[in-house]
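Structural overview for review
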Amino acid sequence: MKDYFSKHRSSDEWLIKEHRWDKKLQPSRESQFALGNGFIGSRGIMEEVPFDARPGTYIAGLYDKTGAQVTELVNLPNPINLKIISGGERLGAGTMDILHHERALDMKHGLLTRHTIYRNSHKKRFDYQSLRFVSMRNKHIIAMQVCITPLDEAATFTVENLLDLSVTNVGFLTEGNKKHFRVEGVSQFDTGEYLAVKTLEKGMLIAYGKSMIIEKGHSSRFARHVTTQIKLRKNQTACITTIFSIFTSDNKDTKKIKPVVKGFLRKSANMGFERILKEHIASWDRLWQASDVRIKGAPHDERSLRFNMYHLLICGREGNGESSIGAKTLSGEGYRGHIFWDAEIFILPFFLYNRPNVAKNMLLYRYHRLNKAMQIAESRGYKGAMFPWESAATGEETTPAWAKNFDGSLIQIRTHEMEHHVTADVAYAVYQYYVATKDIRFMLKCGFEMIFETARFWASRAGYNPKIKKYEIKHVIGPDEFHEDVDNNAYTNSMVYFNLMAACGMYQKMKRLYPKEYRRLSKKIGLKKGEVGEWKRIIPRIALNLKRNGLIEQFDGYFRKRKVKLRNLKKHPIPPIPRSIKLKDVGKTQLVKQADVVMLLYLLPDKFDIKTKKKNFYYYLKRTVHKSSLSAAVHAAIAAEIGNIKMAYRYFDVAANMDLTLLYGNTDDGMHAASLGVTWQAAIHGFAGMKIFNETLSINPRLPEAWKEISFCLKWQGYNLKIAINHTKVNVQFYSKRKDFLKIKVYNILRKIEADKAYNFPRKRGG
Ligand code: IFM
């Protein structure tokens with residue numbers, strides 16, 4: 001049988017394959033095989049939507065609250081809904097026998113291809129092949145081609161692709177499924193169909209267009225009706241091409257959008273599937289050119305890493321901050337599509353060094369909601385801006401009051417009351433963005449203001465304790481959410497220290513270099529010299545919990561909590577919580593949910609020496625159960641930095657394959673976005689040793705034994721760097737139209753490199 005789509009399929013190292021139909025794996029495959037372009041996210045369902053499938057079509061930033069505890073990412077009508085019937089029997093998994101089945105996610109070009117051979121109850125076989133994609137070139141397009149061939153005798157097929165309105169959001173508690181839209185209009189036009197729906201709460205309009213073309217031999221025709229018939233001889237093939245377009249509008253005048261959709265669809269249909277596909281592929285080629293990481297000697301690791309990067313690339317969006325990236329990307333409804341600190345700390349760095357405009361968009365998302373953050377601060381009696389723990393469209397706090405715990409029991413959520421570090425995390429990301437891009441326009445328009453308003457919040461949030469002569473931050477939850485309502489969480493306090501330091505530094509810089517803009521901003525936000533003086537006073541007095549023996553106490557009183565010995569650490573780096581400890585009592589112990597102190601060693605690399613890093617890493621390692629997907633890759637990065645490459649590699653392996661091995665059992669609800677991002681960080685910041693020390697790019701690699709070479713591109717302060725690292729040397733080159741040079745550190749030595757010249761820096765013996 002001819003393979004219709006092989007010409008488009010990339011080589012094996014770019015494919016994630018499914019070799020058989022396994023009903024149990026259906027929901028996790030839908031997440032793994034998701035397609036997207038930063039605007040649209042589409043779960044990798046099978047086109048016939050088998051029973052129990054969980055179709056998901058999401059638009060970044062489109063939320064609705066109706067019937068839910070809190071606002072959630074809307075699951076929109078499902079365009080991929082193909083019904084093919086022959087002789088009264090429907091082609092599909094679960095309705096016919098499957099003699100052969102293979103699906104492949106082509107990560108290189110964002111394509112999902114499939115080949116299935118069905119057999120009906122009369123033992124007649126049908127060959128089914130499909131290819132679909134969400135255009136990376138044009139954010140409004142989803143396209144699909146399906147080729148069917150009767151293998152044993154002539155057959156007549158009834159083909160139908162209804163835009164499926166029956167989809168709902170899944171319920172996370174007891175509320176059951178919810179629908180977040182109502183139908184606004186349905187109509188037919190010469191080249192296809194039109195459907196408009198409106199979200200229930202805010203009345204956002206989402207308009208779909210669909211056109212279907214049937215090709216048989218040399219003839220081709222538009223399917224003018226929802227249902228169409230195709231007659232085929234034995235071994236004759238028909239290809240059904242469907243192009244969907246999706247537009248959104250908050251314009252209440254629904255009449256305006258219809259001609260847009262209609263015109264767009266006609267244009268796309270005229271362009272044809274092949275050209276749309278070609279442009280989509282070219283866009284993907286450009287994306288990978290800028291962001292691919294090659295690992296010689298470890299093809300398995302290279303592929304796993306690409307899988308993580310693929311999923312980041314399909315949710316990256318350049319824009320004006322309309323949306324950011326949720327904890328489950330656009331591949332599922334986990335965490336209701338909400339934005340957490342995951343976005344700034346875990347996901348943003350990948351984009352910062354590969355697609356800085358996406359990183360900027362993520363920061364603009366926060367900037368455009370700064371007013372809301374200020375209202376949150378005010379409502380709690382603080383100054384400045386306090387970002388919500390969970391955020392959605394408006395920037396209001398959207399954390400649900402109740403959620404399910406790991407064991408399925410209902411628990412009250414307190415993160416929104418106390419997990420305040422997100423505010424410092426946003427400031428940290430703004431600072432990183434500035435250092436890596438030197439985008440002063442962004443800083444003048446948004447960045448300085450964000451850093452000042454967050455610093456302002458912390459100055460009002462911290463309280464002076466005259467007894468110990470320290471500023472304390474009480475009643476918080478750190479990244480380790482097992483311990484609620486603690487005082488002086490080391491991570492939070494250190495990030496506050498960073499936030500205030502950055503604010504003082506930026507204040508000086510802005511005043512000196514941009515006095516006009518400074519005057520305007522200080523007038524706008526009422527910033528006075530005295531206030532900055534207060535920040536300066538707080539900085540050296542923040543309680544940081546660094547003890548004389550070099551250990552950092554995670555929070556006041558942590559060392560006095562019950563010690564628990566974790567067994568099996570050698571067997572598996574993610575140890576289970578000992579059975580003797582009930583989940584409700586875990587806060588009474590020293591067990592740590594996820595990297596907390598270790599996280600801070602990672603984010604503030606120049607604040608701690610290697611001895612302190614080692615001491616704390618090994619101390620907390622014996623206490624951390626990694627019940628969060630955010631933990632493993634951070635451990636990989638720090639283990640690499642302190643020279644324990646074997647351990648680093650084990651954690652990297654866990655993190656890179658987390659959603660392929662279904663480690664946390666909830667990949668069904670979407671990919672773990674933070675882990676995707678920090679896996680990239682473990683490779684680049686950890687093994688390749690790329691870090692920023694004192695605003696200087698530094699490369700100090702420590703590769704796993706199996707990796708012969710790692711090579712990648714980086715965007716740094718407007719330059720494109722190409723870096724290749726093996727066990728004996730670092731090769732660096734950067735490109736510039738001007739005659740230029742850069743200062744970077746390689747193997748801890750400051751080097752001056754000129755544009756367009758390749759440099760080889762050898763590793764010193766024993767270094
Ligand atoms: O942001 C995280 C948090 O740190 C741990 N629980 C899940 C959240 C979303 O990923």
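Before reading further, recall that the structure is shown in the block above.
An account of the accompanying structure is given in this report. (Residues numbered from 1 in each chain as written. Predicted model: local features only at pLDDT ≥ 70, side-chain atom pairs only at ≥ 80, totals over all residues. Heavy atoms only, no water.)

Describing the pairing of strand β11 (residues 125-134)
Of all 10 residues in β11, nine are buried, a share of seventy percent or more. Relative to β11, strand β10 (residues 111-119) runs antiparallel, the two sharing eight bridges. Note that in β11 the partner of Ile117 across the bridge is Asp127. Hairpin connection, β10 to β11: the antiparallel pair is bridged by five residues, and Lys123 has positive phi, about 65°. Sheet topology note: the β11/strand β12 (residues 141-150) ladder contains nine bridges and is antiparallel. Considered in β12, the bridge of Arg132 is made with Met144. (Buried < 20%, exposed > 50% of the residue type's maximum accessible area, 1.4 Å probe, protein only. Helix = DSSP H or I, 4+ residues; strand = E, 2+ residues; numbered from the N terminus. Pairing = 2+ DSSP bridges.)

Remarks on the packing of aromatic side chains
With the rule as written, the count across this model stands at 36 aromatic pairs. A centroid spacing of 5.6 Å and a plane angle of 80° characterise the contact between Phe350 and Trp680, whose relative ring orientation is edge-to-face. Pair noted here: Phe350 is in helix α5 (residues 342-354) and Trp680 is in helix α18 (residues 673-687), with a separation of 330 residues, a long-range link. A relative accessible area of 0% places Phe350 in the buried class. One aromatic cluster is present, built from ring pairs that chain together Tyr335, Phe340, Trp341, Phe346, Trp389 and Tyr491. Between the NZ or CZ atom of Lys607 and the centre of the ring of Phe608, over which it lies, the distance is 5.7 Å. (Phe/Tyr/Trp six-rings, centres within 6.5 Å; stacked < 30°, edge-to-face > 60°. Lys NZ or Arg CZ within 6 Å of the ring centre and 35° of its normal.)

Brief notes about the nonpolar core
In this structure, Ile84, Trp341, Phe346, Phe452, Trp535, Ile710 and Leu721 are the most contacted members of the largest nonpolar core, which totals 219 residues. Sorting elements by how many residues they give to this core places helix α11 (residues 490-513) first, with 12 residues. Contact partners of Leu721, with chain neighbours within four places excluded, come to Leu697, Phe712, Cys713, Leu714, Trp716, Val732, Gln733, Phe734 and Leu742. Counting residues in hydrophobic clusters, the runner-up holds 24 residues, among them Tyr4, Phe133, Ala196 and Leu265. (Core = buried A, V, L, I, M, F, W, Y, C linked by side-chain atoms within 4.5 Å. Contact = heavy atoms within 4.5 Å.)

Brief notes about the sheet that holds strand β27 (residues 709-716)
Two pairing modes exist for strands in a sheet, parallel and antiparallel, and in both the strands are linked by backbone hydrogen bonds. The sheet built from five strands is open, its strands ordered β20-β27-β28-β29-β32 with antiparallel pairing. Both edges of this open sheet fall to β20 (293-296) and β32 (759-762), since each of them pairs with a single strand only. For this sheet, the mean inter-axis angle between neighbouring strands, taken without regard to orientation, is 20°. (Axes fitted to C-alpha atoms, helices over the stretch in contact; angles between N-to-C directions.)

Considering a positive patch on the surface
Taken together, the side chains of Lys565, Arg567, Lys570 and Lys622 present a region of like positive charge at the surface. Summarising the element assignment, Lys570 is placed in the loop between α13 (529-538) and α14 (597-603). In this structure Lys570 comes out as exposed when scored by relative accessible area, which is 78%. (Patch = residues over 30% accessible without salt bridge, like charges linked within 9 Å, V, L, I, M, F, W, Y side chains within 5 Å. Areas by Shrake-Rupley, 256 points an atom, 1.4 Å probe, with all protein chains shown as cover. Salt bridge = Lys/Arg side-chain N within 4 Å of Asp/Glu carboxyl O. Lys, Arg positive; Asp, Glu negative; His and termini not counted. Charge placed at Lys NZ, Arg CZ, Asp CG, Glu CD.)

As for the environment of Phe133
Tracing the sequence through the fold places Phe133 in strand β11. The spatial distance from the C-alpha of Phe133 to the C-alpha of Asp106 is 10.0 Å, given a sequence separation of 27 residues. Other than its neighbours up to four places away in sequence, Phe133 contacts Leu35, Gly110, Leu111, Ile141, Ile142, Ala143, Phe273, Ile276, Leu277 and His280.

Observations regarding the side chain of Asn354
Here Asn354 lies in helix α5. Residue class for Asn354 comes out buried when judged on its relative accessible area of 3%. A distance of 2.7 Å separates a polar side-chain atom of Asn354 from the backbone oxygen of Phe350. Look past the residues within four positions of Asn354 in its chain and what remains in contact with it is Ala290, Ser291, Trp680, Cys713 and Lys715. (Polar contact = N/O pair within 3.5 Å; in protein donor to acceptor, adjacent residues only side chain to side chain.)

Re the packing of α5 against helix α6 (residues 356-367)
Viewed as axis vectors pointing N to C, α5 and α6 meet at an angle of 145°, and their least axial separation amounts to 6 Å. Across from Ala343, Glu344, Ile347, Leu348, Phe351, Leu352 and Asn354 in α5, the residues of α6 making contact are Pro356, Val358, Ala359, Met362, Leu363 and Arg366. Looking at the contact of α5 with α6 residue by residue, the classes come out as 10 nonpolar, one polar and two charged. (Nonpolar A, V, L, I, M, F, W, Y, C, P; charged D, E, K, R; others polar.)

Some remarks on the sheet that holds strand β13 (residues 155-161)
Sheet architecture is open: four strands sit in the order β8-β7-β13-β18, paired in antiparallel fashion. Since the sheet does not close on itself, it has two edges, and those belong to β8 (89-90) and β18 (227-232), each with one partner. Here five bridges tie strand β7 (residues 82-86) to β13, and the two strands are oriented antiparallel to one another. Considered in β13, the bridge of Ile85 is made with Thr158.

Concerning the environment of Ala393
Counting through the fold element by element, Ala393 comes out in the loop between α7 (370-379) and β21 (402-404). On the accessibility criterion, Ala393 (30% relative accessible area) is partly exposed. For the pair Ala393 and Gly297, spaced 96 residues apart in sequence, the C-alpha to C-alpha distance is 44 Å. Apart from the residues lying within four places of it in its own chain, the contact partners of Ala393 are Gly61, Tyr63 and Arg369.

Focus: the environment of Phe761
With respect to the secondary-structure elements, Phe761 resides in strand β32. Residue Phe761 is classed as buried on the basis of its relative accessible area, which comes to 9%. Linking Phe761 and Thr728, residues 33 residues apart in sequence, is a C-alpha distance of 8.6 Å. Sequence-distant contacts of Phe761, that is, excluding residues within four places in its chain, are made with Thr728, Lys729, Val730, Val732, Val746, Tyr747, Arg751 and Ile753.

Thoughts on unusual backbone geometry
Here Lys469, not a glycine, exhibits a phi torsion of approximately 55°, which is positive. Counting through the fold element by element, Lys469 comes out in the loop between β23 (463-465) and β24 (470-472). Given the relative accessible area of 56%, Lys469 is considered exposed. Even without glycine at this site, Asp756 takes up a positive phi of about 65°. As for its position among the elements, Asp756 is in the loop between β31 (749-754) and β32. Residue class for Asp756 comes out partly exposed when judged on its relative accessible area of 44%.

Describing the site of the ligand
Taken together, the neighbourhood of the ligand is formed by Ala327, Tyr335, Phe340, Trp341, Asp342, Trp389, Glu481, Lys593, Gln594 and Leu630. Between the ligand and Asp342, the relevant distance is 2.5 Å, taken from an oxygen atom to a side-chain nitrogen or oxygen of the residue. Note that an oxygen atom of the ligand is positioned 3.2 Å from one of the side-chain N or O atoms of Gln594. Out of a free accessible area of 280 Å², the ligand has 93% covered by protein chains. In the shell around the ligand, the residues fall into six nonpolar, one polar and three charged. (Near = heavy atom within 4 Å.)

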